[in-house]
Amino acid sequence: MNRPTDRRRFLKNTSAATIAALAAGAPMTNFLLSSCGKRKPDTKADTVILLWMGGGMAHTDTFDPKRYTPFTKGMKANDVLSTFPSIPTAIDGVHFSEGLGSIGKVMDKGTIIRSYVAADLGFILHSRHQYHWHTCYKPPQTVSVPHIGSWIAKELGPMNPVIPPFISIGQRFTVGEGEEVKAFHTAGFLGNEYGPFLIPDPSAGLESVRPPVGMSELRFEKRNQLYNELISAGAAGEFGSDYQKESLRRSMEQAYILLKSPEAAAFDLSKEPKEIYDIYNTGRFGLGCLMARRLTERGARFISVTTEYEPFMNWDTHDHGHTRLVDMKKQIDGPIAQLIKDLERTGRLDRTLVILASEFSRDMMVEGRPDLKVQEQVQQPDIITDIKNYGMHRHFTDGCSMLMFGGGIKKGNVYGKTADERPCKTIENPIMIDQVHQSIYHALGIPPDTHYVIEKRPFYTTPDGKGLPVLDLFA
Amino acid sequence: MMDEPKYNFRGRKLIAVCISLLLAGLIAVYLIEFTRQPEQVTSTFWLWRFLGRLHPLTVHFPIVLILIAALLEIFTWRAYRSPLRPAIDLLLPAGVITAAFSVVFGLFLSKDGDYGGDALAVHQWTGIATCLLGGTAWWLSRRAQKKSENVSLNSYRTILLFTALGVIIAGHYGASLAHGKDYLTATLPWSSDFDQSASLGAGTDFSDKDTAHLTPKQELELQVKVRAIFAHNCTKCHGPEKVKGDLRLDAKNFVFKGGEKGPIVVPGNIEKSEIFRRITLPAGHKELMPSEGKKLSEGDVAVIRYWIKKGTPWPDGSDNMQIFRLAPLAPRDPSLPPTTADITNPIDRWTNQYFSSNKISWPALVDDRTYLKRISLDITGLLPSPEEFNSFIKDVRPDKRTIRVRELLNKKEDYAAHWLSFWNDLLRNDYTGTGYITGGRFEITDWLYKAIRSNMPYDRLTKELINPTEPSKGFIEGIKWRGVVNASQRTEMQAAQNVSQVFLGLNLKCTSCHNSFISDWKLEDAYAFADIFADSSLEINRCDKPTGKYTHARMLWKELGDIDSNANKKTRMSQLADNIVKPENGRFYRTIVNRVWAQLMGRGLVEPVDVMDNEPWDQDLLDWMATHFQQGGSDLRELIFLIATSKTYQLPSVGMATANDIVTHTYQFKGMVKKRMTGEQFSDAVSKMIEPVYPDSLMMYKPIYDSGYLPSILFRARASFVSNDHFLTALGRPNRETVTSRRETQANLLQALELTNGERLNSILHRGAEKWKRRYGKSDAIVREIYHRALLREPKEKELQVAIGSLGGDPSVDAIQDLFWSVVLLPEFQIIN
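Residues numbered from 1 in each chain as written. Chains lettered and ligands numbered in written order. Predicted model: local features only at pLDDT ≥ 70, side-chain atom pairs only at ≥ 80, totals over all residues.

### Here's the deal with the overall build of chain A
Put simply, the rule is: Going along the chain from the N terminus, every DSSP run of H or I of four or more residues is numbered as a helix, and every run of E of two or more is numbered as a strand. Contact between two residues is assigned whenever their backbone-derived C-beta positions fall within 7 Å.
Regarding its fold elements, chain A presents 12 helices and 20 strands. Along the longest, intermediate and shortest principal axes, the C-alpha atoms of chain A span 80 × 55 × 40 Å. Taking the contacts inside chain A whose residues are at least 6 apart along the sequence as the reference set, 76% of them involve residues at least 24 apart.

### Re the nonpolar core
We apply this condition: To define a nonpolar core, we join buried Ala, Val, Leu, Ile, Met, Phe, Trp, Tyr and Cys residues through C-beta atoms within 7 Å and take the resulting set. Three classes are used. A residue is buried when 20 or more other C-beta atoms lie within 10 Å of its own, exposed when 12 or fewer do, and partly exposed in between, with C-beta atoms placed from the backbone.
Formed by 250 residues in total, the largest nonpolar core has its most connected members in Ile355(A), Met404(A), Ala530(B), Val593(B) and Phe820(B). Counting residues per element, this core draws most heavily on helix α23 (residues 586–601) of chain B, which supplies 9 residues. Excluding residues within four positions of it along the chain, Met404(A) makes contact with Gly110(A), Thr111(A), Ile113(A), Leu353(A), Val354(A), Ile355(A), Ile409(A) and Leu473(A). Ranked by size, the runner-up nonpolar core spans 36 residues in total, among them Ala99(B), Ala100(B), Phe101(B) and Val104(B).

### Brief notes about the domain arrangement of chain B
The test is simple: The domain limits used here are those given by an automatic or database domain assignment.
On domain assignment, one finds that chain B holds domain 1 (12–179), domain 2 (216–320) and domain 3 (679–688 + 724–832). Here the C-alpha centroids of domain 1 of chain B and domain 3 of chain B sit 65 Å apart.

### Quick notes on the sheet that holds strand β1 (residues 47–52) of chain A
Sheet strands associate in pairs through backbone hydrogen bonding, adopting either a parallel or an antiparallel arrangement. All names here are of chain A. Keep this limit in mind: Should DSSP find at least two bridges between two strands, the strands are regarded as paired. Note on geometry: axes are C-alpha line fits, over the in-contact stretch for helices, and angles between N-to-C directions span 0 to 180 degrees.
The strand order across the open sheet formed by 8 strands is β7-β6-β8-β1-β9-β15-β5-β16, and the pairing between neighbours is mixed. Looking along the sheet, the strands with just one partner apiece sit at the ends: β7 (197–199) and β16 (413–415). Between one strand and the next, the sheet's axes are offset by a mean angle of 15°, whatever the strand orientation. Two strands pair when backbone bridges link them, and strand β6 (residues 166–169) and strand β8 (residues 302–306) are joined in this way by 4 bridges, in the parallel orientation. In the strand pairing of β8, Ile169 is matched with Val305. Those strands touched by helix α11 (residues 321–345) are β1, β9 (352–357) and β15 (400–405), and its axis lies near 170° from that of β9.

### Quick word on unusual backbone geometry
Leaving glycine out, the prevailing phi sign among residues is negative, and the prevailing peptide bond configuration is trans. Omega for the bond connecting Met289(B) with Pro290(B) falls within 30 degrees of zero, at -5°, which places this linkage in the cis form. A cis amide bond, omega -15°, links Glu607(B) with the succeeding residue Pro608(B). Here Pro608(B) shows up in the loop between α23 and α24 (619–631). Backbone geometry places Asn314(A), a non-glycine residue, at a positive phi of 50°. Summarising the element assignment, Asn314(A) is placed in the loop between β8 and α11. Unusually for a residue other than glycine, His320(A) sits at a positive phi of about 50°. Here His320(A) is to be found in the loop between β8 and α11. For His320(A), a count of 17 C-beta atoms within 10 Å puts it in the partly exposed group.

### Some points on the interface of chain B and chain A
Cut-off, in case you're wondering: Classification used: nonpolar for Ala, Val, Leu, Ile, Met, Phe, Trp, Tyr, Cys and Pro, charged for Asp, Glu, Lys and Arg, polar for all others including Gly.
With 66 residues of chain B at the contact, the number on the chain A side is 67 residues. Ranked by residue count, the leading element in the side of chain B that touches chain A is helix α29 (residues 749–757) of chain B, at 7 residues. Of the residues belonging to the side of chain B that touches chain A, the class tally is 26 nonpolar, 25 polar and 15 charged.

### Details of helix α22 (residues 569–580) of chain B
Stated formally: What a helix is expected to span follows from its residue count: subtract one and scale by 1.5 Å.
The terminal C-alpha atoms of α22(B), which comprises 12 residues, lie 16 Å apart, in line with the 16 Å expected from a rise of 1.5 Å per residue. Packed against the buried residues of α22(B) are α18 (458–466), α20 (491–504) and α23 of chain B.

### Describing the packing of α23(B) against helix α25 (residues 636–644) of chain B
All names here are of chain B. Condition: Every angle not falling under 35 degrees, over 145, or within 65 to 115 is termed oblique; those three ranges are roughly parallel, roughly antiparallel and roughly perpendicular. In a left-handed crossing the near helix is turned counterclockwise from the far helix by less than a right angle, and in a right-handed crossing that turn is clockwise.
Between α23 and α25, whose axes approach to 11 Å, the crossing angle comes to 50°. Overall, the two elements α23 and α25 adopt an arrangement that is oblique. Considering only the axes of α23 and α25, their crossing is right-handed. Of α25, the residues touching α23 (which contributes Val593, Val596, Trp597 and Leu600) are Leu636, Leu639, Ile640, Ile643 and Ala644. Grouping the constituent residues of the contact of α23 with α25 by class yields 9 nonpolar, no polar and no charged.

### Notes on the packing of helix α8 (residues 243–260) of chain A against α29(B)
It is at 8 Å that the axes of α8(A) and α29(B) come closest, and there the two elements cross at 65°. Accordingly, the angle class assigned to the pair α8(A) and α29(B) is roughly perpendicular. In this structure, the crossing between α8(A) and α29(B) has a hand that is right-handed. On α29(B), the residues touching Ser251(A), Met252(A), Gln254(A), Ala255(A), Tyr256(A) and Leu259(A) of α8(A) are Leu749(B), Gln751(B), Ala752(B), Leu753(B), Thr756(B) and Asn757(B). For the contact of α8(A) with α29(B), a count of residues per class yields 7 nonpolar, 5 polar and no charged.

See the structure below:
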């Protein structure tokens, strides 16, 4: 690559194509020995948005409501299946829990899965199940295992070379269990290059992709110019070539181009019309959905937006389950429905796979699953006298709801079923995590036996490369 | 004038014309067929393939004819007109003509089949050149006879001898292509491929001519060879883990049962053996096996062919023979090569021997500036200050480099703060991480720091980790997550995996789930080893499924001693610790010596450093160092001293085009491989020269210094004492959930973004700029000072001009900050040459 002498003119003329060339010429390699398979020709999606309901979202109080029992003092806990009434959705005969009406109205554009069965990992720890959901492997593992976003980033690369291919919005690692959550927000053996680009707070997202705080555009440009001039004036050519130096120069160049590029505006939520912004602005999660939408317009590959997992917060309802879910639903209902509508309006829904999921569900009585109960963590009185005990407070792994939209997914479809009486467990079409992952890979055209040889053994996207996509989910 | 020789016969011209036409025709066909379109091996016309296969037949004619012609020429050197002359005059043209045909057929053959690479190119071009040389010799010989010129006669004879030489060279490469590169040399007892036990392999011609019956011993050896080929190439997909096409190749009954389409081998019948058809299909064919990875080598194909021909022997009891390379366990003390006038350091004596046998000459050693930067960063993790640099430059003592290394090693606190990161990676110790939250993990920092600072002998350090006391138990206790974990990841198994990886350079991870496909270790071995750490014997799980079987605690190598499986856990761990550090355990000492070497030299003698069964690029050097390290009291600091003061360490560095090039097995040592500063070194360098990156309040570990300690730096929060954060993660500090023995040093976009606009670096540079503005004021002084500190040199004229230009006459804090930023991101600053 020749270095243009006039850097400003170079930048002015830098188009996405030039940048693509810049990225393509890069011998980015690591110690991986082999991959396999090419991307299949008939792909259904280019982009994935994962809407993560961290903390365990109770299916009977959200997307799979059962018989409603209103709160009364002295009620029997075992009678309570749902703490909200049901409301109709756009699919005939399919109901959601009250508070999710907006999402209900867009269900004609997607599929509800009611039969996700989480793994049995014993005495429950949220972050272990989240690790399992995001990597498809049960922790701990003998090697550092990649997040699904990293696999996708590695296999497909960025959609747009200046937008990092794996963006994680909304999760901070400074909260409780942060270290455990961090353990799966990694590209693992795929190499740091494919790790998550972290935007803990979407309202401050722009700060991640613009010149340092307090630095003007002009100064930023001058700084970069100085850097390049010092390299040329110095001893750059003296020591021959090596990958450390080449990769350093190349990635500094890429970072500069990203920070200068119009794409950076995708991270700037203030550019959004007020009325739209307001619909999304239900908090950090809602704004995360807005950012995800804006990023899809600039070419993003994998984005996760989380309600954020923090022990005993958000969906992690060890008490006051009913009351707190009112708030949680307000946070997610409007933005998610708007996201789907916006994607459809801009014509991007067809090529964007949107998934809503949680590590497991909740139930008032059962911890774990009915035939394999595990150590209880929540005291649940048999007779409820206090509203704080009214809600789904135990961790339930045998029937969880997921939503999928776009990316070739059937529209107005229901997949799987849970029992109508306690235990409200999966009774039809159970779907496990490797099937979920393989279905996502299927939509993207990543072959099911994709693997790398790591420490001389094959390491697959899903354990042993055995998982298969659920083709019934696709139209 | 001489008479025409008397071997004229009628029709000579006609024959000449016919031969010429035939040759021209073949060349034309070749040119049209194979240069017009890209090579399409699968569609080669049968006749061209047939012609190609005439090459091995015809090629022996010119070899014999030309060599005999040359031989006779030598006999007749003194008497040109010897009675042998007509014979030579007949042999040479015949040789040249058959050579021409061989060349043409050879060209056809090169397009059929899967020849390639350097050997083919050398063979092809020496073949063609030999043919042309032969022709020239023939022409000169005729000239000499006609004109009787001495000049022609001499040139003819010279050219003929060269032709003969060409025949030998081309022939050798041809044979290499046909029989494998080491076919010839492998029989030599001093060759590395020489295998005394393999009376079959090296000496056997895997051809159809061999009709002899195999002895039982030979059958066994043949079967082991076949099994090794299966294990290396096939069982990943045709084994217990994955049974593609319903076929398994990992045991006798499976091999002969065949797959979903029936048997794969028919004893004695190559044509009907499906396996032979599948491994010999042309490259790119969709039925070719292996379907992933490399095509089987010709040698491997020959072995399978021979095995089928011989009736597919698979004697019972052959399952326990070793397939994979297992490095010898015992220590070795090779005697040092001699010293020379300027080569006295034992490492250099070995390097000198290595260089002379690899025809590498000693380049000039690096200058003081490069050397000081290397040893400072390698020993203390700190960049030298301009004052330290100047005093080093001014020092005129001839042994100042050695003196300086000793001084740096004596800075115990700095040394410990630096090497702490290496050990933390290796022992996966950190201040934060998974497991702590539920009490399932323990930190060993205090113990570790003190062990490094006091230079605890390596054998003792290991013993205290394996058979720990409270402060050092974190390594062996592993990481325990709440809930039920995979059987291969229970803490006892983690201990087995980590002890074998860290201390023995052995990967037991595969073996803790099932019998390994990449080594000869068995599932039971891993459980027997893990049992040492278990309160009660562990039930063997195969791929996380209980088998109902149990084993007894024992060492992986029984030569290393016994474990009393009836004793309690504490006793067993103590026995293990004693056994591991025994001097007889050469592998243990080789592993650490190799790790330290890799740390200083950018690449181990063995790579990857966790796979000590791989071959080192110099076995003697590794063995000698390991043995003398052990005999010298397992002193890590002395090991570093020995390496860092060697001329070998002072060689100019070598750059690698990709990170992969470091670990290739064809690696040849020529000097240190260029390194990039680690995140900690970068952070500490910025802290030392501009402004502390981390305040003391972020220190997760605060060492208590000896009273006599005089800090050589004005900040306390070395990056190894703080928690991992965005900044350090971006610069390659790993999460220490698993053992890490090599860090990623390649830059990437996420890292560049952190450096470009990350808060940590930019705010520190800003704060530093404010101080520099007050302290130095003038642009010129600031530029010179930052160049002195960062690059240990004066700025060049052009650099001075650019930098001062950016600062202006009265530099603003912002401008100074931006200069800092530009300098610390220079490759020259970050790369250790």
